[in-house]
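What follows is the residue order along each chain.
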Amino acid sequence: MKVKDKVKITIDGKEVEVEKGTPLGKVFELAGIKDALGGKLGDRIIDLQTPIREGGQIKPIYRNDPESLEIMRHSLAHIMAQALKELYGTTKVHLGVGPTTEEGFYYDVEVEGHRITEEDLPKIEEKMREIIKRDYPILRKELEREEAIKLFEELKEKYKVEIIKDISPDDVISVYQQGDFIDLCRGPHLPSTGKAGAFKLTSISGAYWRGKADQPQLTRIYGMAFWTDKELRQRLRFYEEAKKRDHRKLGRELEFFLIDENVGAGLVLWLPRGSIYRKVLEDYWKEEHLKRGYQFVYTPHVGKSKLWEISGHLECYRPNMFPPMEMEGEEYYVKPMNCPFHIAIYKSKVRSYKELPIKLAELGTVYRYEMSGVLHGLMRVRGFTQDDAHIICTPEQVNDVIRETLDLALTVLKDFGFEDFKIYISTRPEDAIGSDEQWEVSEQALRKAVEDLGYSYEIDEGGGAFYGPKIDVKIKDAIGRLWQCSTIQFDFNLPERFDMTYVGPDNQKHRPYMIHRALLGSIERFTGILLEHYAGLLPVWLSPTQVRIVPIADRHVEYGRKVLKALEELGIRADIDERDERMNAKIREAELMKIPFVLVVGDREAEGGTVAVRSKKEGNLGTMSVEEFISFIKEKIERKE
RNA sequence: GCUGGCGUAGCUCAGUCGGCAGAGCGCGGGAUUUGUAAUCCCGUGGGCGCGGGUUCAAGUCCCGCCGCCAGCUCCA
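Figured I'd write up the structure that's included with this text. Counting starts from 1 at the beginning of each chain's written sequence and moves along it residue by residue. All chains are assigned letters beginning with A, and all ligands numbers beginning with 1, in the order in which they are written. At least 70 in pLDDT is required for a residue's local features to be given in this predicted model, at least 80 for side-chain atom pairs to be given and counted, and no such filter applies to totals for whole chains, interfaces and linings, which use all residues. Side-chain numbers come from the whole structure's heavy atoms, not from hydrogens or water.

### Brief notes about the protein's contact with RNA strand B
Taken together, 50 residues are adjacent to RNA strand B, and Ser205, Gln217, Asp580, Arg588 and Glu605 come closest. Polar contact is the term for a pair of N or O atoms within 3.5 Å; when the atoms are in protein, one must be able to donate a hydrogen and the other to accept it, and sequence-neighboring residues count only if both atoms are side-chain atoms. Within the contact set of RNA strand B, a base nitrogen lies 2.5 Å away from a side-chain nitrogen or oxygen of Arg588. In this structure, Glu591 approaches RNA strand B through a side-chain N or O atom, which is 2.9 Å from a base nitrogen. Per the convention used, a helix needs a DSSP run of H or I reaching at least four residues, while a strand needs a run of E reaching at least two, with both numbered from the N terminus. Contributions of two or more residues to the surface near RNA strand B are made by strand E13 (198-208), strand E14 (217-226), helix H7 (247-253), strand E29 (513-522), helix H17 (583-592), helix H18 (603-608) and strand E33 (610-615). The criterion for a residue being near a molecule or strand is simple. One of its heavy atoms has to lie within 4 Å of it.

### Side note on the packing of aromatic side chains
Pairing of aromatic rings covers Phe, Tyr and the six-membered ring of Trp, with a centre-to-centre limit of 6.5 Å; geometry is then stacked below 30 degrees between planes, edge-to-face above 60, and tilted otherwise. Tallied over the full model, the rule gives 20 aromatic pairs. Taking the centre distance of 5.3 Å and the plane angle of 35° together, the rings of Phe416 and Trp541 count as tilted. With a gap of 125 residues between them, Phe416 in the loop between helix H12 (398-415) and strand E23 (421-426) and Trp541 in the loop between helix H15 (523-533) and strand E30 (547-551) connect regions that are remote in the sequence. Trp541 matches Phe416 in its accessibility class, with the two residues each being buried. Among the aromatic residues, those joined into a ring-pair cluster are Tyr284, Phe416, Phe418, Phe526 and Trp541. Sitting over a ring, as applied to charges here, requires NZ of Lys or CZ of Arg to be within 6 Å of the ring centre and within 35 degrees of the ring normal. Here Arg73 stacks its cationic end above the ring of Phe226, 5.0 Å away from the centre of that ring. Across the ring face of Tyr424, the terminal group of Lys474 is positioned such that the distance to the ring centre comes to 4.9 Å. Buried residues are those whose accessible area, probed at 1.4 Å on protein chains only, stays under 20% of the maximum for their type, while exposed residues exceed 50% and partly exposed ones sit between those limits.

### Focus on the environment of Gly264
By secondary structure assignment, the location of Gly264 is in the loop between strand E15 (257-258) and strand E16 (269-270). Expressed as a C-alpha distance, the spacing of Gly264 and Arg382, which sit 118 residues apart in the sequence, is 9.2 Å.

### Remarks on helix H4 (residues 145-154)
Among the residues of H4, those classed as buried are Ala148, Ile149 and Phe152. Buried residues in H4, looked at end-on, bunch into an arc of 100°, giving them a common side. Across from the buried face of H4, at angles greater than 90 degrees, the exposed residues are Glu146, Lys150 and Glu154. It only takes one pair of heavy atoms within 4.5 Å for two residues to be counted as in contact. Tucked inside the fold, the buried residues of H4 contact strand E10 (139-143), helix H5 (158-166), strand E11 (173-178) and strand E12 (181-184). Looking at the residues trailing H4, positive phi occurs at Lys156, about 60°. Here the arc refers to the directions that run from the helix axis out to each C-beta atom.

Dropping the structure here:
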């Protein structure tokens, strides 16, 4: 045997030399590695049957490694496909693709002569368990292209044949077989079906073949899978928890907002309770911006088509805009963005470098046409209010401006109770406009700002818009979900298009930098996130009603009103439940409305000038004097608890 | 927009094979005057999403539209 047919492999610091093409399982055996389910070769996860053709580092994957799940889920996708074929006929089921997901797997399939519904899922699950019990060995085979095409043509796997034809000639075509089920697959897979973990088929939906709308639509069957039942149940509980927190449900129960089909899909009606919360949020937002030298502007909801032509929106953004309306021979569009208006304000006079940076802010309501299928409560709507601002500055100011903006974003998000952030910087894409210098200066400013503030970040290389780089901030909510809120974005396009200038110290005209930014994103979406984060129990400072007074009997109403007045005079949002109901019913009502504090007043309180305080979070706190309660709640409000 | 599922009272939901539209909560009235999550009684409330069709008869079957939900795709 020639030396060049051997490959050198390093595993856990140990070197072994094996014949080229030796399966990984055998390699592990030689290296004395037991119980591994696969290995990681570079970024690729491979299974025990994969032949090793090149040398290098291989990291064994054991059941405890997160990568092992990928192997197992992949095999479950095959087990599901096999189950479908056994149930509906080998040549009737046409398989699409069956990858793993973050928590499980799915398979896109087409079943001739049967429409798969959710009701079929238990039946399919049962068949899968049967196949797992049969503990078929899962065997890898490599085939020649022609051989593979012939095989899958015989199996009536039209989609698989299509995939094979697209596989590059340099790549190996592999299939995996378990029992009499055989599937085109790169792997990795478990050694046998019996090794699969706990799973549940969760849902079903349509998905286009190759994700393209002009292709046939297949049925996508989703499964969730973990090694143990416990982990699976935990994940299912997470969904139940998420469901309980659903802002659409909370929004109705807490009377925050309404979406009325007679008004229109994706158009939000803010109810009084939601509106008072929103006012508090907006007041806070404005204060924070005033402190940092922002100037507020108000701009109209519609503008002439010319404006959108110059901005380029009609060219690039039209599918997302509401159609035009005609007036006096002129076309007007409802605004999908505020930028052109802010630019018009900037341009309304000659600007000197001495007045830069100029920061124009607006809670600007914009309208975007979103496809009906993507609308979702407050999270995805057709009319929403951006907490928008445009900062126009000189190149020298870019660093300070970005740092200050990011700092403001994080300060605001922290004040709303978010502590966990993920920061992403997106850099220059292929087909970008703007000079090298502009990109260099801007990307540098973004990095420096995050570093100065002591945060880590991820770079999305080439992920910026064609007109500039950006920072996005995602927040982690109480159940670990990430939501994108803040975005700080350079724009090299609009200053050019609108010919924005400022006069520099050299008395010449210069092109300013423009930064577009939103901190919360949109008020609607942010409200949805807040409601879900807090499961409806907002911090006291944001609660529509901060205090409810509950008189025990009619004769206590008078005293209750006195307490109410004392609170109201200090700007505390309070009300009194004077209904002819029992105290328990009133307390229950307050609990359901998630009112942070209930003050029970009866004979004892009326006599002593006190209140019996019940906190939504902590239950009965006992008796306090009215003054004590006031300073107690005032402090919580100030500290944004 | 596409695929699948769904649409019955303000809310949550029953309604069988096509045969007189129901419950609880809510709301109104009355009784009751209460100590930390639902007091009792009486009453009120529905062109069954909208529009067509089949039928002696449609909440139920068929077609079209609107909306909602889960995805695909896309995004604040």
